Structure formats: structure tokens, C-alpha cells
There are 2 protein chains.
Amino acid sequence: MMNISLTVPSMLEHAEKYFSKKEVISRTASGITRFTYADIAKRTRRLASALTKLGVKRGERVGTFAWNHHRHLEAYFGIPGMGGVLHTINIRLSGEHISYIINHADDRVLLIDAELVPLIEPLQEQLKSIKAYVIMTDDDKLPDTTLPNVYHYEDLLNEADENFEFVADIDENDPAGMCFTSATTGNPKGVVYSHRGIVLHSMALGLTDSAAVSESDVTMPVVPMFHANAWGLPFAALWFGANQVLPGPMVTPKLLAELIENEGVTLTAGVPTIWLALMKELESGSYDTSSLRAILCGGSAAPKAMIRTFETKFKIPFIHAYGMTETSPLVTLSRLKSYQTELPEEDRLEVRSTQGYVVPGVEMKVIGKDGEVKWDGHEMGELLLRGNWVADEYFMDERTNEAFRDGWLHTGDVVTVNEEGIIKIIDRTKDLIKSGGEWISSVDLENALMAHEDVFEASVVAVPHDEWQERPVACVVVKEEAKDRINKEDLMEFLQPQFVKWWLPDDIVFMDEIPKTSVGKFLKRSLRDQLKDHLKTTI
Amino acid sequence: MMNISLTVPSMLEHAEKYFSKKEVISRTASGITRFTYADIAKRTRRLASALTKLGVKRGERVGTFAWNHHRHLEAYFGIPGMGGVLHTINIRLSGEHISYIINHADDRVLLIDAELVPLIEPLQEQLKSIKAYVIMTDDDKLPDTTLPNVYHYEDLLNEADENFEFVADIDENDPAGMCFTSATTGNPKGVVYSHRGIVLHSMALGLTDSAAVSESDVTMPVVPMFHANAWGLPFAALWFGANQVLPGPMVTPKLLAELIENEGVTLTAGVPTIWLALMKELESGSYDTSSLRAILCGGSAAPKAMIRTFETKFKIPFIHAYGMTETSPLVTLSRLKSYQTELPEEDRLEVRSTQGYVVPGVEMKVIGKDGEVKWDGHEMGELLLRGNWVADEYFMDERTNEAFRDGWLHTGDVVTVNEEGIIKIIDRTKDLIKSGGEWISSVDLENALMAHEDVFEASVVAVPHDEWQERPVACVVVKEEAKDRINKEDLMEFLQPQFVKWWLPDDIVFMDEIPKTSVGKFLKRSLRDQLKDHLKTTI
């Protein structure tokens, strides 16, 4: 057999030849513009040509700091196409972290949305590696900026070669992309994507039992293109010739509902908070969403009630997925197997609300206290992954040794597996409470507490204990109006029938607020610090 | 990114874990038996174990001489799984060719259906490399045979290890399979399939816009498992967890129709003659074929009238495909693009009757007299292919140099390409008539002649000509009842309005029979020999 490198530019070349009439519907700060793939291909070749002229060398990183739009899509293909590495930067990180990752990646050029320039300007002194800032804007003129070495994206394209030939001798294991994932402590960790990984991941997205991306689709990634390649959708959609809607900045539920209706979106992807907001919008407005064949939901677990509403009220299949920046990200999808489609509605919803089973091409292993866990839906263990779109290291980072061991990515997620091979995320390893050699899920206790009508927020953490090593302590914020009527005993009584006795928290601590991370997750580390002596019997 | 070898046994391991309840419905000489993938996986591990015990070494070939059934499926995975190479032997070849390919492949073990033993017995003296004949039968006892070193497949399995671990260190470029393709002259030519090629080809079969093989499918390859891996369906169906029906020996149209109805077959694959026969059976009987979501048709071009009948009368989407033994075989599929679904019925049928465009992962180039042809649907050129499931040589065969040049497979098929990238096969290169520097399609003239009500068969060949280098001469067999009423002039008159003048044959020669190859194709080489002086003006 021939051995032809699996490369990102070859995906573009396929679309250029066979799907030249298909469209990218791009929303930028100034409105919606439509481009055919013939247009996009030429512009992408121009971008690759322009970056080459700017002096970007093989293997060097080019950063993007941008929303979801056609220019970002051009960067997705143009940067790997000229031999560079597409480094998508999360615009929501702190300035400190943005500086860190640009420097750590040694980015040579930064492609940046005009409206995001103010976020980068204050950092310019620290960004030593950047030789050129390329501003992406629909305006003819550059915005006023203090940034040095500034270029206008469209001017560069106008002067570049639309017949630029992509680098021909790419090895499929060469780096094509890069993305940083935020760590609980310390700096974000870099993940490098190979051409091979991106192509195989895109194929997985096109499989009928996966996301089934097709020429007949109109895809709309709401997940940002700076988050794990918008789950790989822009790559797969272009390769397979789908029309794609890139919804741009300042996305509102109303805008999404309108784009779905007006553009006939068939497949969209994003985190649960997006779909909660869309659900409310759909309930209040009168939108025609009949074109939607699936909503892909990942990032964190979706509430079952929401899945039910989409499936039964709006008749939109809701596909729960699991993945990480380290896994490109697609690992599992919660599609029903053919013999599960006849299950009663509640059982089907139960399957839908799990994380599903691995897509072909990914292998998993779940390791508990005594080796691989039984596939019984009860025994818990840490999820380990391997596959061609799973990272094998963090980019120049000592933390590689913690996560990548014996050829497997140790995800830090604790799961159960049932007899169908379907996984259910129970907790993060570090948030599990290890009590007397047994594991207690902080997430289960939190969900139970938050289901109480008087509870606003609850976070359960492990607190050191002399006898049991660790015991759960619940931190609870009660609703303003309930402050006077609820106490610790009420909540304990509420929990008792729901759990075995040894799972119940040793204490419930009331707080005004639970400390949170920059992306709104509970900062459990801070709670654990605060409570570390809480269960000490002697001081 | 990790770089995990893409291997055939990893596909089985996926099915074993996630689709253990799904089924193989196997028809053998003694009837239909059902196996779960859990069963098949254990039996496959036993087969791999047994072959290891028989002394088969890494990289050695194991032949199969069998119909489509579960044991053949076990060989598909068990042989590559123990490090061997699955060599599927075409049972319809001549004894001389069978001996040649077994010896050329240096097969060490031959797995053979009991009912096919009589075909091999006369060859045993020539088969020096075979150390063991393993007979596949449902009977407890071996059939009487003169073959030496005979084993009973089920006995071997019973004594083998159902927990056998597949070879772990397979390089994805290692050989996994092998198949010979018959040549116009000389011995068949061997094609070796790599693990990588088979896995990527299987992924391509799972793509939504390709064959879309899915867990919810019930696949039935009618194309034999000794023909280009039954187009890869057994591999893909197992990996993706489809139920699969393997229809066994002596397949009749009635049997196929019954299997479709009884087993709820959703996807089936075979050559046009099969579907012509099925069409007649469906027209006469009263079968429920509503489960069928697609018929895959390849091997040679399907008549448009048949495509129409399946699409409009039986409401069964008919997918025309193109490929070769050298290409694993999937190269193109004639699926409608989304914007073609609104075309008038005749235009849609016209698209359906082309060969379609390449699937993602295959690249094509069409080379005419002056380099790459225009994509105008008219200019003709030879189809060149490359991709990870395209061969790069014939196994130890000098004819490699003719077909594999400059990194491309030269298919010998002459095609046109239209603006959608859709190809249409015009002729075989060697059958094209090169007249005064222009090309004339023998196939077009044949089709036109065979559309005449009095013509039974027609074959058009190139005959040397002093002035024009070559000119077409038609060989025609007229129907018995028309022998007295039709002559050369009638046929010429019939052709005239359909072609430009210089395409018309210089002569029409009436024959009693057109010589044919062992697989029923016109033996044009023989006709060319016979007619080589037919247009000579001086002797």
C-alpha cells in the first residue's frame, strides 16, 4: 500500500476540488458575509503565502486571538498549510496567562481580531517572540493601536499568491496545531496536535455513529475556535463539504436561534450553559428549528432535565459527548445503540445523560483501587485513554510525567463503566473523597444538596481526618430568602434517605459565597485549604 | 500526539468490547447459524492461537478458499491478528492460476470449505508451500479427501486458546491481507493490503457520505469475500458493530430477497448482474425490502434503467461505486450532493449512473494527451489514483512498473470528469480506439449497438489502419430470430444519428459468438488478433 501523509492541507484541497460551491457563512463585528469554499481556498492559500513572506518558518507557531469567523477558519488551514503550527489562544485567560502561553509557545506572528486588540496591548512588553501582529477586520483601515509591527490581514492577502502551493513534504506526525488547557494550579499546559491526529479525528467526526458530519450538513460551532479547535468541527465540516456557520463575537441565545432558523443549521456544538440559554429562548420565542438534526454537548455534564426538553419537547436529538483539550477532543458520545432505541423513555434519557462509549480509534481503560474495574456501572476508577488524537505530553512541561504514564493519558476523571462500555463521569480524581479506603463522590453530594429548594450553591470537599484519612464536608450557600429558615440538621435530614450512612458529610459549613475559578468553576483547592483543620480532634 | 498503530485486530477488540451482543448471521452448506460478536471474538482468538500452533510465522501468508460465512470472517481478523497475512483466493480461477497464486504467495496454510475441496485436490502436487489444509465444515467429521496434512477447523479451535492475545507490536504498514487480480494476459497479479490501509479504508466506509456503515446496519456482502475483501464490508461492519449477514454458497436471487426480508438487511453490495437478477425476483415475488437503505453496486457499470427501477419503483437508493482490487477497493461513490437532490429525476439518474467522486482520503488525477484534462465532462484521460488504501506495487511482479509510476496508480481506465469532480468511465485505455490522434470509446459504440432490438451482443475493437493508425470495427452477434432480417447497412443507419461521423465503425463483422474471459467479459484481445489485418488495403 502507498503511505501518504495524512495532512491538514490535503483536507482543504479535497474541499477546494469537490465542494467549491459550498459555503462559509461568517459573522464578524460588521455583519454576515458568505464565502464559497472556492473563495476560502484561495484566501487560505493567500494567507499561507503571506505568512511565508512574513518569515514564518517550518514548525514555528502562529497565534490566533479571535472569535469564530472565516478568517479564523483560513488560519486553521493556512498556518498548517505553510508548515506552521496553529496556536489558538483562549481570549478569556488572564493577561498573565496569555503572556505566558504566547512566550512558552514562542509564537512568531499573532493574528488578532480588531476588537480584541485592547486585551493584547497591555501585554506587548512581555511578548518578545512576536515579530508581527496581523489585525483581522472588515474595515479598510487598521484600528488605532499601540502595538508595534502591525499588518492589515486583508492587505497582506491582497499582496499574496492565491495559487500558493502548500508545503508538500509534511510528515503526518509533524505538529499542525496547539492549544493550552488551564491547570488547577500554575500555568496553562500546552497540547500539540499532529497533522495525523487532526485528520483521523476529523474522520471520526464524519462517522455515521459519531457526529456524522456530512456534505448535507450546515454546522455551527458555538464552542469557540480557541477551545480544542472548536471540537474539530471546522476541520471536519470543510473536509466533508458541509456549509458552516461561524457565529462571530457576542453570541446571544436570540442570535443562535435566528442563525439556526435562517441558515438551516443541522448540527451545532457547545457547552451546557449555551443550551440552557438557547432552551429558554426557544421556549419564549417561536423559532423554526426543524433543520437541527443534533446538538452536540460537552465540556461538562448536561442536566437530564435539559436533555429531556430538547429530545421530547423540541424533537432535537441531544448528543452528550466527553473529551478534553488533550484528546482533540472527541472521546465518547452518548448515542443509543440500536437495541436501546426501544427502551422506555426514562431509560433512554438515562443513557443519553451518560457520557456514552468511545468512538472507534480511541481505547480506554478504567483503573480502580485493584486494577481494572468491573463493567458493572458501580465500581469507580480513573479513566485512562490512548489513541491517535490523544496527546502524549504537555509541551515542554514537567507536568507531563503526572498525566502521561505507561502509554496512557491519565485523565483525572473518575468514572463508572456499565456492561455496554458506557462511561459515566463521577468526579475528578482530586475531588473524590477517599474515606477509609472507599471512594465518595463529591459531585453526587453536591447535586443532591443543590436539588434542595433553599440551597443556592453547594460544594463538597475532602477534609483530612485522623481515623478515615478523609471525610466529606459540605460548603453551602443558602438562598437569600431562606437564610432564616434552614439549618444544618434540615439539610442532613434531607440527605439521609439518599445516601448510605458513611457517604454523608461530617459537617455542613454555611458560606456567603463559594470561591470560583476564572471560568466559574468551584475553586475546591481554596475550600480544602480553608477547611484543612476542620475535622482535627486535637490541635 | 500519540502514534498508535492502526491495526486490524484493534478493530475486533473494539467490537468485542462495545458490540458484544451484536450478531453475525452466517449461512453455510448446512443452514443458517447466528453468532454474537462475543462468540466471534473468542473464536477468532482461537483461530489465531491455532495458526500460531500450526507454526505460521509473522508475515507469512495463510490462504482462504471459501464462500462468505462466519469462519471466513474469523480468518479476516484471526490471520492478521496472529501476525499472518490473509490471502483470499478466488475460487473461480482456473486450476493453473490457483496453483500459481498459492505458490507465488507462498501460502503456508490453506483454510478451505469442505465443498470446495474437490477444486484443490487435483492441484496438490503443485502446492509445495502448504503445510496444512484446514477444512471448514459444520460436520463433525472431515470429508474424505486425498489432501495431505488435513485438519478440522472446529477441532483446531476447540484445542486453542480463546484468550489468545493478538500480536501487540504490529507496525501499521505491515502486510495484513492479499488478493490477486486477474490480468488480461499472463498470471494474476498480487496486491498486498497493509493494516493501515485496511483501517483507513474501513473508516472511509463508515463516513456518512460514503457507505455510512453503522451500528444500526444489517450488512450483507453478496460480493464474495475472495474479491477485494468483499469491498471491505466485513471489516467495517464488525468494527462499527453492525449485524452482518454472510450469505454463504449457492446464492440465488430468491435467497437474497428472503435474507433481506427476514434479517432486515439495510445495506448490501455486489455487481450489476446480481442486482439485475434481484430486480427480476423482486418484480415477480412479494418481498418486503423496506429495511434496505442502500444497494452498493460496483465491478462494472450498472445500466441506468436498473438504477431507475431500484430508485423509483422499489424506493431503494442505488449507490454506484468504482474501485479495483488495487484500491481496497473504494475510490468513488455516486451520491448526490445536497444541491443536486432538487434536480429533475432524469438529471438525478444521470448523476447516479456516473461513478461519482472520490471519497475523502483518495486523490485522483486524469491525464489526457496534453496533461491533466479539463473538468468539462468531455475531455478524456486515464484515471490516476493515490491514497493510503491504494497499492504501490504488484507482489513480486515486473508488471509493477507499468501500473505504478511517479507515485500514482495508473488504472488503465479512461474517464471524463465534470465540473463537480464526478468521473464517468469511458473505456479501458487498451480498448480505446486511437484514430488520427483522437479517441473513440469502444464502450459507447457497444452500448449503442446492444440497444438495437435485434442485437444480442456487440464488441468494438481497434483495428490497425494505415492512414488513421486505428479504426473501430464492430463484432456483432444478432439474435437467433433476427438472423435473416438484419444486415450491416441497417446497423450503420441505426448508429449514424447517434455519433459524429468519424466515430462510426469502418466495418461490422457478424459472428456466432464473441469470445469471453473466464469471468464472462469480452476477450477483446482475441478479437483484435483475429481482425488485425481486416482493414489492410494491401497485403
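Every value quoted in this text rests on a predicted model; they were computed, and no experiment measured them.

1. Some words on the side chain of B:Arg471
Residue and element names in this part refer to chain B.
So, step 1. Residue position: Arg-471 is located in strand β26 (residues 469-478).
So, step 2. Among the polar contacts listed, one links the side chain of Arg-471 to the side chain of Ser-435, at a separation of 2.9 Å.
So, step 3. Engagement of the side chain of Arg-471 in a polar contact is seen with the backbone oxygen of Leu-504, the distance being 3.0 Å.
So, step 4. Apart from residues lying up to four places away in sequence, Arg-471 is in contact with Ile-433, Ser-435, Ile-440, Val-461, Ala-462, Val-463, His-465, Trp-502, Leu-504, Asp-506 and Leu-535.

2. Remarks on the confidence of the model for chain A
So, step 1. Here chain A averages 94 in pLDDT, and 99% of its residues register 70 or above.
So, step 2. With pTM at 0.92, the complex prediction returns an ipTM value of 0.91.

3. Comments concerning the pattern of salt bridges
Residue and element names in this part refer to chain B.
So, step 1. Under the definition given, this model contains 78 salt bridges over all chains.
So, step 2. Glu-263 is the partner of Arg-34 in a salt bridge, and the nearest nitrogen-oxygen pair spans 2.9 Å. Linking Arg-34 in strand β2 (residues 31-36) with Glu-263 in helix α9 (residues 253-263), this pair joins segments that are 229 residues apart in sequence.
So, step 3. Residue Arg-34 is classed as partly exposed on the basis of its relative accessible area, which comes to 42%.
So, step 4. You can call Glu-263 buried: its relative accessible area is 16%.
So, step 5. A salt bridge links Glu-154 to Arg-43, with the nearest nitrogen and oxygen atoms 2.8 Å apart. Taken as a pair, Glu-154 in helix α6 (residues 153-158) and Arg-43 in helix α2 (residues 37-53) lie far apart in primary sequence, 111 residues in all.
So, step 6. Classification of Glu-154 as buried rests on a relative accessible area of 16%.

4. Comments concerning helix α15 (residues 488-495) of chain B
Residues and elements named next belong to chain B.
So, step 1. Among the residues of α15, Leu-491, Met-492 and Leu-495 are the ones counted as buried. Buried residues of α15 fall within an arc of 100 degrees about the axis and therefore sit on the same side.
So, step 2. Elements that come into contact with the buried residues of α15 comprise α14 (442-450), β25 (455-465), β26 and β27 (507-510).
So, step 3. Regarding α15, its N-cap is Asn-487, as a side-chain oxygen of that residue lies 3.2 Å from the backbone nitrogen of Glu-489 further along.

5. Focus: empty space enclosed by the protein
So, step 1. Considering all chains together, one arrives at four cavities of 30 Å³ or more under this definition.
So, step 2. The volume enclosed by the largest cavity comes to roughly 130 Å³.
So, step 3. Lining of the largest cavity is provided by 13 residues; of these, A:Asp209, A:Tyr357, A:Val358, A:Val359 and A:Pro360 occupy positions nearest its centre.
So, step 4. Among the residues forming the lining of the largest cavity, the class breakdown is eight nonpolar, two polar and three charged.
So, step 5. In this model, the second largest cavity occupies a volume close to 90 Å³.
So, step 6. In this structure, the second largest cavity is lined by A:His14, A:Phe19, A:Phe240, B:Asp209, B:Leu333, B:Arg335, B:Tyr357, B:Val358, B:Val359 and B:Pro360.
So, step 7. Counted by class, the lining of the second largest cavity contains seven nonpolar, one polar and two charged residues.

6. Considering the side chain of A:Glu121
Residues and elements named next belong to chain A.
So, step 1. Inspection of the secondary structure assignment puts Glu-121 in the loop between α5 (117-120) and β6 (132-136).
So, step 2. Of the side chains with opposite charge, Lys-141 comes closest to the buried, unpaired Glu-121, at an N-O distance of 15 Å.
So, step 3. A polar contact is formed between the side chain of Glu-121 and the backbone nitrogen of Thr-146, at a distance of 3.0 Å.
So, step 4. Not counting residues up to four positions away in its chain, the partners in contact with Glu-121 are Asp-144, Thr-145, Thr-146 and Leu-147.

7. Quick notes on the environment of A:Asp161
All names here are of chain A.
So, step 1. Along the chain, Asp-161 turns up in the loop between α6 (153-158) and β8 (175-181).
So, step 2. A C-alpha to C-alpha distance of 8.9 Å links Asp-161 and Arg-43, two positions 118 residues apart in sequence.
So, step 3. Ignoring any residue separated from it by four or fewer positions in sequence, one finds Asp-161 in contact with Arg-45, Arg-46 and Ser-49.
So, step 4. A distance of 2.7 Å separates the side chain of Asp-161 from the backbone nitrogen of Asn-163, its partner in a polar contact.

Reading the values: rules and limits
- Residues numbered from 1 in each chain as written.
- Chains lettered and ligands numbered in written order.
- Predicted model: local features only at pLDDT ≥ 70, side-chain atom pairs only at ≥ 80, totals over all residues.
- Heavy atoms only, no water.
- Helix = DSSP H or I, 4+ residues; strand = E, 2+ residues; numbered from the N terminus.
- Polar contact = N/O pair within 3.5 Å; in protein donor to acceptor, adjacent residues only side chain to side chain.
- Contact = heavy atoms within 4.5 Å.
- pLDDT = per-residue confidence, 0-100.
- Salt bridge = Lys/Arg side-chain N within 4 Å of Asp/Glu carboxyl O.
- Buried < 20%, exposed > 50% of the residue type's maximum accessible area, 1.4 Å probe, protein only.
- Arc of directions from axis to C-beta.
- 1 Å grid on protein atoms, 1.4 Å probe; cavity = no way out; pocket = protein on both sides within 12 Å on 5 of 7 lines; lining within 4 Å.
- Points joined across faces, edges and corners; volume = space filled by probe spheres on them.
- Nonpolar A, V, L, I, M, F, W, Y, C, P; charged D, E, K, R; others polar.
- Lys, Arg positive; Asp, Glu negative; His and termini not counted.

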